[in-house]
Amino acid sequence: MTDDLSFLRRQARTQRFTLGTPKSFRVSPDGTRVLFLRSRTATDRRHDLCSLDLRTGAESVLVDAVALVPGEEDLPPEERARRERARVTSGGVVGYATDEAFGLAVFSLSGTLYAVDVDGGGEPEPLVDAAVIDPRPDPAGTHVAYVSDGRLRVVERATGVSRALTPDEGPDVSWGLAEFVAAEELSRTRGYWWAPDGSALLVQRTDRSDVPVWTIADPANPQSPATTVAYPAAGTRNAAVSLSFVDLDGGRVDVESGDWEYLVAAHWSAAGPPLIAVAPRDQRRLDIYALDPRDGSARLLHSEDDERWVEIVTGVPAWTADGRLVHVGVRDDTYRLCVAGQPVTPPGLQVRSVLDVGEEVLFSASESDPTQIHVYRTESGGVRRLSGTEGVHIGSGTAVTTVLSSWSLDHSGPAVSVLRDGEPVATVGSHPMEPGLAPEPIWLTVGERELRAALVLPSGRRADDGGDPLPVLLDPYGGPHAQRVLHSRNAFLTAQWLADQGFAVLVADGRGTPGRGPAWEKEIHHAFADVTLADQVDALHAVARRWPGLLDLDRVAMRGWSYGGYLSALAVLRRPDVFHAAVAGAPVTDWSLYDTAYTERYLGHPDDQPEVYERNSLLADAPSLRRPLLLVHGLADDNVFVAHALRLSAELLAAGRDHTFLPLAGATHMTPQAEEVAENLMVTQVRWLKRQLGVSTD
C-alpha cells in the first residue's frame, strides 16, 4: 500500500517513522511485566496500551484505543495545549499511570477517564466522563486523581463518587496542571503528586490573571472565533505558582512562599519528605527544599548556583530507597550525579537525565563523544554502562530491570530490549515503516573548537570522487537543548533526502548545544547571534578546506525551524558574504516576544539588558538584507507567535527589501502533519532554494 508513496509522504504519514515503535515504558516492581504504548501499524496514529510478560515473553494489548473510542477523539482544550507543549501529535492512549503494585492502569481517552486491570485483563472501565486531564491513581489504587475544568478532583473506585478537592476560582486560576513555561521550558509536565500513603496530594495552584493575554486568530476561516492564551513574554509577568497539601477530606495546608519564581521539579516518595526544586527569576540558583506536609514549612537541603544560569537536569531531586538525596551538580566542568552530597560519576561523563531512583540510580549520559547517549546505572564502587552498541539509547524502568530503546546508524527505528541486571532477557516488538533511504553521513570534528558535524552527500557520491562542486545547504538547529548530530539513522533521513535533491548538506552542532559540558553550553550567554552563527560559518569553511572542490561556496544556503529558523534568517542578514539564500521556518525574530523562562535564562531581563536584546534581534538588521529570504510560519503557533515573522516582514518591506512570506493556515509550532501539506512544503522550499542559487530544477 505504501510502496508507491514518496519519501516525504511516508515521513508525514508515519510521524517521522515513529509510528509502530513502542514508547512510554513502565516496569512492575517485581520486574515481571513491562507496560508500554504502541500503535498497531506503522501508519496508525492511535496508540494502544500494551503489556509484555517477562516470564513468558508474551505481548498482549490491554487497551485497544480504536475499539474503545471509534472515530475522532474530542479533546478538552487543556489537553490539546498539553500535547502541544509535549510535541505529541499521535492519538489514542498517549499517557497512562499505574498504582504502586502495578495492578491498575488509568488513562484518559477522548476526555473520559478509564481504568484497566493490568493482571486480570478485561475491558477498560469508564470512571469519569468530564473532560479529564492527567489522571493518576493513588499508590494503593483506591482513588484516582485528575484535573477537570481547572480543578483537581478525585474519584473513589469502590463507589464511583467523584468530588473536587480544590475550589473553583474562575478561568484565570487552575489547580493540578503545569503552567506554560514549566511544560515548554522546564521539562515539567505534572502539576500534582500523590503522598506515598495516598492520604493527600501536593498540588500546584496557578494564577494567570497578571499574565499578558495574546490572541490567535484564524484568518483563513474568519467565521471561527479567535482564541486567547496567557503568554509570559520576556520581561512581563509570569503566572503566579504556589503549592498546597490537600488531603482527601478537603483539608488544605499551603506551602510557605519563598523568593522563587519557577517550580522546576517535585518528588514525593516513602523514603523521605516531599522535595521541590525551585529557581528565582534569573535562574542563577537552583534550590532543593524538603517540605513538611503538617505545616507547609520548607527546609533548604542544597543549592547550586552559577553566574550565568543553572542548567536543569530532569529526574532530580529524588530520594534513594534508603533516604539519600540525589541531585546533579556541576563539578570539573561536568554534570555529575551526586548522592548524599558526593559525586558518584567521574569527571567527563556528562549526565543528561536521571531516569529512575531506587536502591540504585538509572541515568543517561555522554562520554567524550557527544553524538552518542548511553544508559548507565550506579552500583557499589562506581557506575556501569548498560548500553553496549554505538548510538543513542533511551532508558526507562529501573537499574535492575531496564528497557533500552536503541537508535543507531545500522537500522531504522529503535531496537528495544529489556535487561535484567544488565543482561538481555526480552525484546519488545517494533515495526516502523522502512523510510526507503539509508543515510551515510560523513562524521566530522572540525575547526579549532572541534565542532561535531556531519556531511551528507547525494546517494552514491563520495567526498573525494571529484566532479562538479555541489551547492551547499546547512540544515542546523544550532541552539540550546537540542542536537542534530547524533548517531542515529533516523536523525539524517531528511538530510539525505535533501542531499538527493542535489545538495551537499552540512549539519553542525555549535556552542550552546548539549552533551559537551557547562562551559561549552554557556558560551552563548548574552550572545545567541554572534556565537551560534560563527560556529556554522566555521564548520562550513573547515569542511571546504578539507575537500577542496567539493563544495560550491558561491552557492550556499541555510534552512531551519524555530531556533534554526532564527539562525537561518540571521545568516543572510549578517553574513551575506557567506550565505546566498535562507529559508527561515517559525523564526524568533525579536527575543522580547519570546517567553520568560527560556529567553531570560540566556539573555537576561530586557529591562536590565536592553542592549543584549537589541544585539540579538533580527528586526534592526532588516535594511541590510541583500540575499533571498523565505519566511515560513504557522498562523496558529502559540509558542513562536506568527507576530515574529510578521514584524520582520514589515521591517523588510519598510526598508524596501524583497523577501517571500509563506503563511501556513492552521499550523502550530509543530511542522504540518497533513501529508500533502508536509510534502509540498518541503518541495516548495527546495524549488525556491534552487531558483535562488541558480541550480537546475529539472
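These numbers were taken from a predicted model, which means no experiment stands behind them. (Residues numbered from 1 in each chain as written. Predicted model: local features only at pLDDT ≥ 70, side-chain atom pairs only at ≥ 80, totals over all residues. Heavy atoms only, no water.)

Draft legend 1. Seen up close, the UniProt feature "domain: Peptidase S9 prolyl oligopeptidase catalytic" (unreviewed entry) in the chain. The UniProt record annotates "domain: Peptidase S9 prolyl oligopeptidase catalytic" (unreviewed entry) at residues 493–694. Annotation note: span residues 493–694, helix share 44%, strand share 16%, distance between end C-alpha atoms 25 Å. (UniProt positions renumbered as here; feature names shortened; annotations may be inferred. Helix = DSSP H or I, 4+ residues; strand = E, 2+ residues; numbered from the N terminus.)

Draft legend 2. Quick peek at the pairing of strand 34 (residues 401–407). Where burial is concerned, most of strand 34 is hidden: seven out of the seven residues are buried. Residues Thr401, Val403, Ser405 and Trp407 of strand 34 are buried on one face, and the alternating residues Thr402, Leu404 and Ser406, pointing to the opposite face, are buried as well. Judged from the six bridges that link them, strand 33 (residues 392–397) and strand 34 form a sheet pairing that is antiparallel. Of the residues in strand 34, the one forming a bridge with glycine 397 is threonine 402. As consecutive antiparallel partners, strand 33 and strand 34 are separated by three residues. Where strand 34 lies against strand 35 (residues 415–420), six bridges are found, and the strand directions are antiparallel. Each bridged residue has a counterpart across the sheet, and for threonine 401 the counterpart in strand 35 is arginine 420. (Buried < 20%, exposed > 50% of the residue type's maximum accessible area, 1.4 Å probe, protein only. Pairing = 2+ DSSP bridges.)

Draft legend 3. Region of the structure containing the pattern of salt bridges. In the structure shown here, the tally under the stated rule is 35 salt bridges. Its salt-bridge partner being arginine 188, residue glutamate 179 comes within 2.9 Å of it at the nearest N-O pair. Across the pair arginine 294 and aspartate 292 runs a salt bridge, and its minimum N-O distance is 2.7 Å. Looking at arginine 294, the relative accessible area reads 71%, which means it is exposed. Each of Glu448, Arg449, Arg511, Glu523, Asp535 and Asp538 takes part in a single network of salt bridges with overlapping partners. (Salt bridge = Lys/Arg side-chain N within 4 Å of Asp/Glu carboxyl O.)

Draft legend 4. Representation of the environment of valine 34 in the model. On the secondary structure map, valine 34 appears in strand 2 (residues 33–39). Assessed through its relative accessible area of 0%, valine 34 is described here as buried. Separated by 294 residues in sequence, valine 34 and valine 328 place their C-alpha atoms 28 Å apart.

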